[in-house]
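The chain contents come next:
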Amino acid sequence: MTPTTGPRRTAPADDRYRTEHDMLGDVEVPSDAYYGAHTVRAVANFPLTGETLAARPHLIGALAAVKHAAARANADIGALDTTRASAIVDACAEIHGGALRDQFVVDLIQGGAGTSTNMNANEVIANRALELLGRSRGEYAVLHPLDHVNLGQSTNDVYPTAVKLALDAHIAELLVALAGLREAFETKAAEFADVLKMGRTQLQDAVPMTLGQEFGAFAVTLAEDEQRLAEVRLLLHELNLGGTAIGTGLNARPGYRERVMDHLRRLTGIGTLQSSPDLVEATQDVGVFVQLSGVLKRVAVKLSKICNDLRLLSSGPQAGFGDIALPARQAGSSIMPGKVNPVIPEAVNQIAFEVIGNDVTVTLAAEGGQLQLNAFEPVIHRSLSAGLDHLTAGIGVLTEHCVRGITANRTRLARTVAASTGLVTALGPALGYETACAIALEAHHTGRPALDLVRERELLTEAELRALTSPASLTGLPVL
């Protein structure tokens with residue numbers, strides 16, 4: 001289907017358009033459009049980001065699932081006849097499967113607390129359901145976007161429910177990506193388990209460790225974030241569906257709330273979905289979005305720190321740290337021949353900066369809510385979904401195009417360990433702090449290896465030196 005973005009205002013009414021009516025008057029709607037009058041007005045009102053609902057398939061799928069569950073629930077309690085309910089259900093199933101995505105044309109940022117999004121969904125579902133009934137688009141006397149598709153609902157319970165379901169799907173994808181990156185670091189940790197190097201604190205030589213320990217720590221920190229995401233994901237499963245406008249359930253018939261939740265659990269496969277114990281509170285509260293944003297910021301901060309480390313460890317190759325080599329992905333300069341830059345970590349750093357900035361947006365939008373509703377959930381959704389999408393993509397790129405191809409500069413690492421005054425720390429208990437400090441300072445000033453100075457002064461035997469500077473002693477790893 002050719003994407004449609006609303007009518008040209010200067011076009012005369014003809015067979016390219018159908019006339020629909022809303023509370024403000026007549027509206028010309030493209031004849032081939034599945035959306036209707038409310039959507040046309042929203043497209044005209046909010047030409048803001050150029051990013052429409054079509055760019056968020058998880059949200060479209062979630063809206064379809066909510067409308068599907070609502071139609072079934074309303075049929076169960078006798079509020080909606082089976083003919084209309086079946087047509088709505090079939091239309092929702094098609095949309096959930098990916099059909100008519102180009103008909104979701106409203107900008108992601110909009111006034112009205114998501115009303116334009118809900119209206120866009122209602123109209124597309126209604127007009128597709130009309131077709132399934134053998135009717136023409138716009139024959140709302142037969143099946144109406146609001147009287148039937150939106151029956152027992154309000155934007156104020158539909159939209160946040162759909163947003164939570166969409167974010168749940170995004171989190172599932174991010175968790176898969178994080179697991180892949182963690183496993184890549186675990187693989188590298190095993191590969192580098194025998195590679196001794198100098199650890200560093202404040203960018204200065206500290207004490208020896210293995211490159212495997214360094215990469216293993218990256219894996220552990222990512223595993224912690226996987227756990228935090230899983231925890232906040234569960235909090236998204238508490239819904240205000242059935243509360244309608246402000247949580248009182250006005251216009252939803254008895255039994256609807258319980259039945260719609262049952263159907264939604266079956267449709268989504270999320271068995272932990274539950275109705276909030278206080279729908280009035282749940283309708284105005286966006287705390288879960290603030291918490292999710294905080295967890296995403298945590299992921300972004302830690303991921304960016306890892307990327308900073310990878311860039312430092314690979315810096316050089318001659319004049320930098322040079323502990324590792326990242327895969328060469330592209331030429332690094334238009335003027336310096338042979339230069340290769342750490343472009344993959346740099347790109348992921350920038351995604352992290354975006355997510356950290358989005359957290360400020362989510363915080364301000366959450367704080368800006370008033371009384372029984374937060375009107376700013378559209379920008380909350382856009383910020384969170386963009387962050388989740390970009391983190392997922394960035395982590396995938398980092399895994400495949402960087403981490404899996406990292407190699408250790410084993411010769412250089414062995415040389416720097418042997419030359420580093422950091423080895424003296426391991427001798428401190430045997431030499432005493434003052435003697436060890438004198439050895440370290442002399443090694444630093446003369447450039448001579450500290451162990452040679454210890455040997456010259458016969459401060460320790462060769463056997464004692466070997467024991468104290470063995471990989472097991474230096475790194476705390478067991479002797480294999």
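All figures in this text were calculated on a predicted structure; none of them were measured in a lab.

A. Here's a closer look at the environment of asparagine 122. Looking at where asparagine 122 falls in the secondary structure, it is placed in helix 4 (residues 115-132). Judged by relative accessible area, asparagine 122 falls into the buried class, the value being 0%. A polar side-chain atom of asparagine 122 sits 2.8 Å from a polar atom in the side chain of lysine 67.

B. Geometry of helix 6 (residues 155-191). Taking 1.5 Å of rise per residue, the 37 residues of helix 6 would be expected to cover 54 Å, and the 53 Å separating its terminal C-alpha atoms lies within 8% of that figure. Summarising burial for helix 6: 28 of the 37 residues are buried, a large majority. Of the residues flanking the start of helix 6, the one acting as N-cap is serine 154, its side-chain oxygen 3.0 Å from the backbone nitrogen of asparagine 156.

C. Up close: the confidence of the model for the protein chain. For the protein chain, the mean per-residue pLDDT works out to 93, and 97% of the residues sit at or above 70. Overall, residues 1-12 carries pLDDT values under 50, and its contacts beyond four positions in sequence, including any with other chains, amount to 27 contacts.

D. Seen up close, the pairing of strand 2 (residues 25-30). Where strand 1 (residues 17-22) and strand 2 come together, six bridges link them in antiparallel fashion. In the sheet register, threonine 19 faces strand 2, and the bridge partner there is glutamate 28. Counting the residues in the hairpin turn of strand 1 and strand 2 gives two residues.

E. Representation of the nonpolar core. Grouped together as the largest cluster of nonpolar side chains are 112 residues, with contacts concentrated most on Phe185, Phe215, Leu229, Leu310 and Leu398. The element best represented in this core is helix 6, accounting for 16 residues. Those residues in contact with phenylalanine 185, other than ones at most four positions away along the chain, are Phe215, Phe218, Ala219, Leu222, Ile306, Leu310 and Val403. The next biggest cluster of nonpolar side chains, apart from the first, holds 18 residues, and it includes Leu196, Ile439, Ala440 and Ala450.

F. Spatial organisation of the packing of aromatic side chains. Applying the stated criterion to the full structure yields four aromatic pairs. Ring centres 5.4 Å apart and planes at 80° place the aromatic pair phenylalanine 192 and phenylalanine 215 in the edge-to-face group. Of this pair, phenylalanine 192 sits in the loop between helix 6 and strand 3 (196-201) while phenylalanine 215 sits in helix 7 (residues 211-235), placing them 23 residues apart in sequence. Across the pair, phenylalanine 215 and phenylalanine 192 agree in class, each one buried. Linked through ring pairs, Phe185, Phe192, Phe215 and Phe218 together constitute an aromatic cluster. The ring centre of tyrosine 34 lies 3.8 Å from the NZ or CZ of arginine 137, which sits over that ring. One residue, arginine 200, lies across the ring of phenylalanine 321, its end atom 4.1 Å from the ring centre.

G. Quick look at the pattern of salt bridges. Tallying each qualifying case throughout the model produces 33 salt bridges. With a closest N to O distance of 2.8 Å, arginine 18 and glutamate 20 form a salt bridge. Take arginine 18 and glutamate 20: they sit in the same class, and that class is buried. Linking lysine 188 and glutamate 191 is a salt bridge whose minimum nitrogen-to-oxygen distance equals 3.0 Å.

H. Geometry of a negative patch on the surface. Together, Glu238, Asp278, Glu281 and Asp285 give the surface a local cluster of negative charge. Along the polypeptide, glutamate 238 turns up in strand 5 (residues 238-239). Given the relative accessible area of 31%, glutamate 238 is considered partly exposed.

I. Looking closely at helix 3 (residues 82-96). Between the first and last C-alpha of helix 3 there are 20 Å, a value that for 15 residues agrees with the 21 Å anticipated at 1.5 Å per step. Every buried residue of helix 3 is accounted for by Ala85, Ala87, Ile88, Val89, Ala91, Cys92 and Ile95. Contacts from the buried residues of helix 3 go to helix 2 (57-76), helix 4 and helix 5 (145-149). The first or second residue beyond helix 3 is glycine 98, which carries a positive phi of 115°.

J. A look at the side chain of aspartate 359. Along the polypeptide, aspartate 359 turns up in helix 11 (residues 343-367). By relative accessible area, which is 10% here, aspartate 359 ends up buried. With residues up to four places along the chain from it excluded, the contact list for aspartate 359 reads Ser293, Gly294 and Lys297.

K. A look at the packing of helix 2 against helix 3. Contact pair helix 2 / helix 3: the axes reach a minimum separation of 8 Å and the direction vectors enclose 160°. The angle between the axes of helix 2 and helix 3 places the two elements in the roughly antiparallel class. Crossing hand, helix 2 versus helix 3: left-handed. Only Ala85, Ile88, Val89, Cys92, Ala93, Ile95 and His96 of helix 3 make contact with helix 2, whose side of the interface consists of Ile60, Gly61, Ala64, Ala65, Lys67, His68, Ala71, Arg72 and Ala75.

L. Up close: unusual backbone geometry. Cis geometry marks the peptide bond from glycine 316 to proline 317; its omega dihedral reads 5°. Looking at where proline 317 falls in the secondary structure, it is placed in the loop between helix 10 (287-313) and strand 7 (324-325). The residue leucine 100 is not glycine, and still its phi comes out positive at about 60°. Among the secondary structure elements, leucine 100 is positioned in the loop between helix 3 and helix 4. Not every positive phi belongs to a glycine, and asparagine 251 is a case in point at roughly 75°. Examined against the element boundaries, asparagine 251 turns out to sit in the loop between strand 5 and helix 8 (256-268).

M. The arrangement of the packing of helix 7 against helix 10 in detail. Orientation of helix 7 relative to helix 10, taken along the N-to-C sense of each, is 170°, at an axis distance of 9 Å. Between helix 7 and helix 10, the interaxial angle falls into the category roughly antiparallel. For the element pair helix 7 and helix 10, the recorded crossing hand is left-handed. For the pair formed by helix 7 and helix 10, the contact residues are Glu214, Phe215, Phe218, Thr221, Leu222, Glu224, Asp225, Arg228, Leu229, Val232 and Leu235 on the first element and Val288, Gln291, Leu292, Val295, Leu296, Arg298, Val299, Lys302, Ile306, Asp309, Leu310 and Leu313 on the second. Each residue belonging to the contact of helix 7 with helix 10 can be placed in one class, and the counts come to 14 nonpolar, two polar and seven charged.

Criteria and thresholds
- Residues numbered from 1 in each chain as written.
- Predicted model: local features only at pLDDT ≥ 70, side-chain atom pairs only at ≥ 80, totals over all residues.
- Heavy atoms only, no water.
- Helix = DSSP H or I, 4+ residues; strand = E, 2+ residues; numbered from the N terminus.
- Buried < 20%, exposed > 50% of the residue type's maximum accessible area, 1.4 Å probe, protein only.
- Polar contact = N/O pair within 3.5 Å; in protein donor to acceptor, adjacent residues only side chain to side chain.
- Expected span 1.5 Å × (residues − 1).
- pLDDT = per-residue confidence, 0-100.
- Contact = heavy atoms within 4.5 Å.
- Pairing = 2+ DSSP bridges.
- Core = buried A, V, L, I, M, F, W, Y, C linked by side-chain atoms within 4.5 Å.
- Phe/Tyr/Trp six-rings, centres within 6.5 Å; stacked < 30°, edge-to-face > 60°.
- Lys NZ or Arg CZ within 6 Å of the ring centre and 35° of its normal.
- Salt bridge = Lys/Arg side-chain N within 4 Å of Asp/Glu carboxyl O.
- Patch = residues over 30% accessible without salt bridge, like charges linked within 9 Å, V, L, I, M, F, W, Y side chains within 5 Å.
- Areas by Shrake-Rupley, 256 points an atom, 1.4 Å probe, with all protein chains shown as cover.
- Lys, Arg positive; Asp, Glu negative; His and termini not counted.
- Charge placed at Lys NZ, Arg CZ, Asp CG, Glu CD.
- Axes fitted to C-alpha atoms, helices over the stretch in contact; angles between N-to-C directions.
- Parallel < 35°, antiparallel > 145°, perpendicular 65-115°, else oblique.
- Left-handed = near helix turned anticlockwise from the far one by under 90°.
- Nonpolar A, V, L, I, M, F, W, Y, C, P; charged D, E, K, R; others polar.

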